[in-house]
Amino acid sequence: MLSLREIQPQKNEVYLDNNATTPVLPQAIEAATHTMQLCYGNPSSSHITGIKAKYILETTRELTRQVIGAKTGQVMFTSGATEGIQTAIISSLNAAKQKSQSIKEPVLLYGATEHKAVPESLKHWNKMLDIGAKVLAIPVDERGILDMDFIATHVPNALMICTMIANNETGVYQDIELLEKTIRQYNQDVFWMVDCVQALGKIKLEISNTTIDYAPFSGHKLYAPKGIGILYVRDSAPFTPFIAGGGQESGLRSGTENLPGIAALQAVLSLLNDHDDPTFKSTTQLERYREQLTDTLIKAFPDIVFNHDFSCSLPTTINFSVKGLTSKDIMDLFDAAHIRVSAGSACSSKVTGSFVLDAMGKPKWQSESAIRMSFGPATTQQEIDEACVAISQAVKALQSSCLILSDTADNSNLGVDGLQQWLYDNGCTWCFVDKASKQCAVIDLAPELVSKFETLVECQGYEVVAVLSTHIHEENQVHQNIIQTLWHKDQTKYDFLGWPQQTSLVTLENGLTVEALNVGNKVLARLPLPGHTANSVAYLLGTSVNQSLMADSVDFVFVGDLIQVNGLGRCDHIDGDEKSLYQSLQLLNQLIRQDTLLCPAHDYLQLFNTTLALEASSQPLLQQVIDGDISEQAFIAEKIKQDSELPPSDFSQYCGSIAQFSNIIEPVHPNQLVEFIQADPTTIVVDVREPHEYDAYPDSMIAGKTMVNLPLSQITQFVQRHKSQQSDFKYVCICRSGKRSEAAAKTLQRNSFANIYHVPGGFALLNKG
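Predicted model only: the values in this text are computed from it and were never measured. (Residues numbered from 1 in each chain as written. Predicted model: local features only at pLDDT ≥ 70, side-chain atom pairs only at ≥ 80, totals over all residues. Heavy atoms only, no water.)

Enquirer: Explain empty space enclosed by the protein here, please?
Expert: If a probe as big as a water molecule is rolled over the atoms, it shows which places are left empty. What the rule picks out here adds up to two cavities of 30 Å³ or more. The calculated volume of the largest cavity comes to roughly 40 Å³. Around the largest cavity, the lining residues are Thr113, Gly144, Met164, Ala166, Asn167, Thr170, Val172, Gln174, Val356 and Met360. Tallied by class, the residues present in the lining of the largest cavity amount to five nonpolar, five polar and no charged. In this structure, the second largest cavity spans a volume of roughly 30 Å³. The wall of the second largest cavity is formed by Thr470, His471, Leu529, Ser536, Val537, Val559, Gly560, Asp561 and Leu562. Residue composition of the lining of the second largest cavity, grouped by class: four nonpolar, four polar and one charged. (1 Å grid on protein atoms, 1.4 Å probe; cavity = no way out; pocket = protein on both sides within 12 Å on 5 of 7 lines; lining within 4 Å. Points joined across faces, edges and corners; volume = space filled by probe spheres on them. Nonpolar A, V, L, I, M, F, W, Y, C, P; charged D, E, K, R; others polar.)

Enquirer: I tried to follow the sheet that holds strand S10 (residues 317-322) on my own but got confused; where do I start?
Expert: The pairing of strands in a sheet comes from backbone hydrogen bonds and takes either a parallel or an antiparallel form. An order of S9-S10-S13-S12 is seen for the four strands of this open sheet, with the pairing classed as antiparallel. Each having just a single partner strand, strand S9 (304-306) and strand S12 (342-343) make up the two edges of the open sheet. Judged from the four bridges that link them, S10 and strand S13 (residues 371-374) form a sheet pairing that is antiparallel. Opposite Asn319, over in S13, you have Arg372 as the bridge partner. Along the sheet, helix H8 (residues 283-300) contacts S9, S10 and S13; its crossing angle with S10, the most-contacted strand, is approximately 10 degrees. (Pairing = 2+ DSSP bridges. Helix = DSSP H or I, 4+ residues; strand = E, 2+ residues; numbered from the N terminus. Contact = heavy atoms within 4.5 Å. Axes fitted to C-alpha atoms, helices over the stretch in contact; angles between N-to-C directions.)

Enquirer: Would you mind going over the side chain of Asn18 with me for this structure?
Expert: As for its placement among the helices and strands, Asn18 is situated in the loop between strand S1 (14-15) and helix H1 (26-38). If sequence neighbours within four positions are ignored, Asn18 has contacts with Pro23, Tyr223, Ser374, Phe375 and Gly376.

Enquirer: Please clarify how the sheet that holds strand S22 (residues 548-549) should be interpreted in this entry.
Expert: The sheet built from seven strands is open, its strands ordered S22-S18-S19-S20-S21-S23-S26 with mixed pairing. The strands lining the two open edges of the sheet, one partner per strand, are S22 and strand S26 (597-600). Of the strand pairs in this sheet, strand S20 (residues 522-528) and strand S21 (residues 537-542) are connected by six bridges, and their pairing is antiparallel. Across the sheet, the residue bridging to Leu524 is Leu541, located in S21. Helix H15 (residues 578-591) contacts strand S18 (504-508), S20 and strand S23 (554-560) of the sheet and is inclined by roughly 155 degrees relative to S20.

Enquirer: Looking at this structure, how should I read the nonpolar core?
Expert: One recurring pattern in soluble globular proteins: nonpolar side chains tend to sit buried together. Grouped together as the largest cluster of nonpolar side chains are 65 residues, with contacts concentrated most on Ile68, Leu109, Ile151, Ile161, Phe217 and Phe280. Ranked by the residues each element gives to this core, the list is headed by helix H7 (residues 259-273), at 10 residues. Here Leu109 is in contact with Leu122, Leu136, Ile138, Phe150, His154, Val155, Ala158, Met160, Ile161 and Cys162, once residues within four sequence places are set aside. Counting 41 residues, the second-largest nonpolar core is a separate cluster that includes Trp430, Ala441, Val465 and Ala745. (Core = buried A, V, L, I, M, F, W, Y, C linked by side-chain atoms within 4.5 Å. Buried < 20%, exposed > 50% of the residue type's maximum accessible area, 1.4 Å probe, protein only.)

Enquirer: Looking at this structure, how should I read helix H13 (residues 450-460)?
Expert: Side chains that are three or four residues apart share a direction in an α-helix, a result of its 3.6 residues per turn. Judged by how many residues are buried, H13 sits mostly within the fold: nine of 11 residues are covered. Looking only at H13, the buried set comprises Val450, Ser451, Lys452, Phe453, Thr455, Leu456, Val457, Cys459 and Gln460. With its phi angle positive at about 70 degrees, Gly461 sits one or two positions after the end of H13.

Enquirer: Help me understand unusual backbone geometry, please; the structure alone is not making it clear to me.
Expert: Outside of glycine, negative phi angles account for most residues, and trans bonds account for most peptide bonds. One non-glycine residue, Asn12, adopts positive backbone phi at about 60 degrees. Judged by its relative accessible area of 62%, Asn12 falls in the exposed class.

Enquirer: Sorry if this is basic, but what is going on with the state of the cysteines here?
Expert: Every disulfide links exactly two cysteines, by a covalent bond between their sulfur atoms. As enumerated under the stated definition, the model contains one disulfide in all. Residue Cys402 pairs covalently with Cys459 via a disulfide, S to S 2.0 Å. The sign of the S-S torsion, about -65 degrees, decides the handedness of the disulfide formed by Cys402 and Cys459: left-handed. On the criterion of sequence distance, the pair formed by Cys402 in the loop between helix H12 (381-400) and strand S14 (418-424) and Cys459 in helix H13 is long-range, its members being 57 residues apart. Each of the two residues, Cys402 as well as Cys459, counts as buried. Among the cysteines around Cys735, which has no disulfide bond, Cys733 carries the closest sulfur, lying 9.0 Å off. (Disulfide = S-S within 2.5 Å.)

In structure tokens, the structure reads:
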């Protein structure tokens, strides 16, 4: 395990994720340290040490009042904004409980783009306190501005309304005066909470001049440590303590106060309140920073789209998407180049969009590809300059990897040679490239990855030989037709799976003759294998000799959902058939080796590939089919039983009966890696990040050895090419965080590679400078 002192920031780190949390200012660190060392008293103690502590507490409270413009009302210290939100909601709902009985259909309102802490808390306490109100999201327009007509319609029946000054994902701010006018025109008594977390230090506040009842703030969003927050409560607003106990904070919030955090907050607020201090920049200067960053982004990404209107957004937030790139592509690239940003969607194989951008009506691709870049009000010109240089340099790696097009990039020696797997929402797209002939074929291309494939083809000048599907459900027929039309201008020359009419013939291991086409020096044979659907086929890729493709010469089989990693395709669709599946499994077993790599259409376990031998060892039903130990009728009965136990399929989830799989990979912790490499010269450090990340990373050496770049998307090709070296070397897999390296290590180990290790925490915890 790493010691705390071994966890260090990387050299030349560019931090652009201030909306998530800010670094702590030196003045705040000094104030907290001073308080912990010398002013360690309890503010509730009556002796002199306690009196000193109490002075820090109360002077910070008074300074807070000055900064947020709270001449009246209560100002209390909390653990953060989430606690403030809970307190406000409990106070409001507890007071409104009696009132709700006099309203026929009471509602609780919140902005559709609110931080999830708000709607989830409303739902939770609405249920716990048995209020019985309907929780409604207030729609926003395409700019993220709240719908005033909706508010006017529903606020008369509202027990509480929750809004925010500025959004954490987009920086879009609301017109508080207009909002207040609308709310109070239709309901003078409704309790109103305003999330002020992103506003502090960026928007001037005069909170006592409003009818806002509750306003939570968070210290770590403005250069103070985590664990300290503020809640403003209007004098006339009801209050129920969220934390009861010893009666601290005048009985509003019990528990010994976080005095070091409060002292740090005082240091930050003092700087913010000192108009002669240059730490916090003016709005004009922050807008210049934004302009400089956006100019750099536009030059780096010609197809960039900004997801919010700058005229109604804080200058410190930039939310953008790039056509053809996922948020994971950009975030992984920037992380490799030591640039820290946030993804607007989840960074995993299970793709989710930004609910904020969805509420604003943005297209799906923008929502799923969004990147949030945020700086703070204390950011310096030097930091912005360094960020712009880093962004420009990092994007060159995307050009080299053909993820974006460039007029100047020379990609003649950088094209992939062999098989790639692109994963989207657990669906597998397989792209085979023959570098020598510059021909390629793509199988089961996800609609969301069309732009990626188009860019690759155009960048490298590839000839697209085929755009194929292994099967089509009725629900996605239209999508596949659109995809194929992009390359197949005359649809009459191709069937609905993309297979061309003009093909050659090859003979397979059992004497069966099937249609085939050439991709470079390889042959791709089409084999009907119904069962999962009536139209299911497999494609056998290998080397033919004298128009024959024997089992020993098959490199890969693209099996669709016939066989999956640790599972069989389900047959309970409208066009599924258990009898056909049984016969297809028997046929495939006759045509390939037990260790031929199978490439499925879905990868729910992130293990990338499988073989008949691996599947038979984990699936007794398949083993019985291969061994001839189960009759057709018995297979049908067992398969119907298995499928009946599956959740409903939505064609991206649960396309088969997938069993769980786990294998333990021995870790080499970051602080052990150098010693581990030096102890055995046969050790190969395998960087499983994608080429653009590898190119962007400033150092390819560890302990004097050059890392080998094996992108996770090419691991199936690696397994096929290096079967004979399964025991020759020690492989230590490493990536950005340890997640992909563990997946790569599990895949290699499952494919009988010995001596496999991975680095938990990856480059994030590796101190290389």
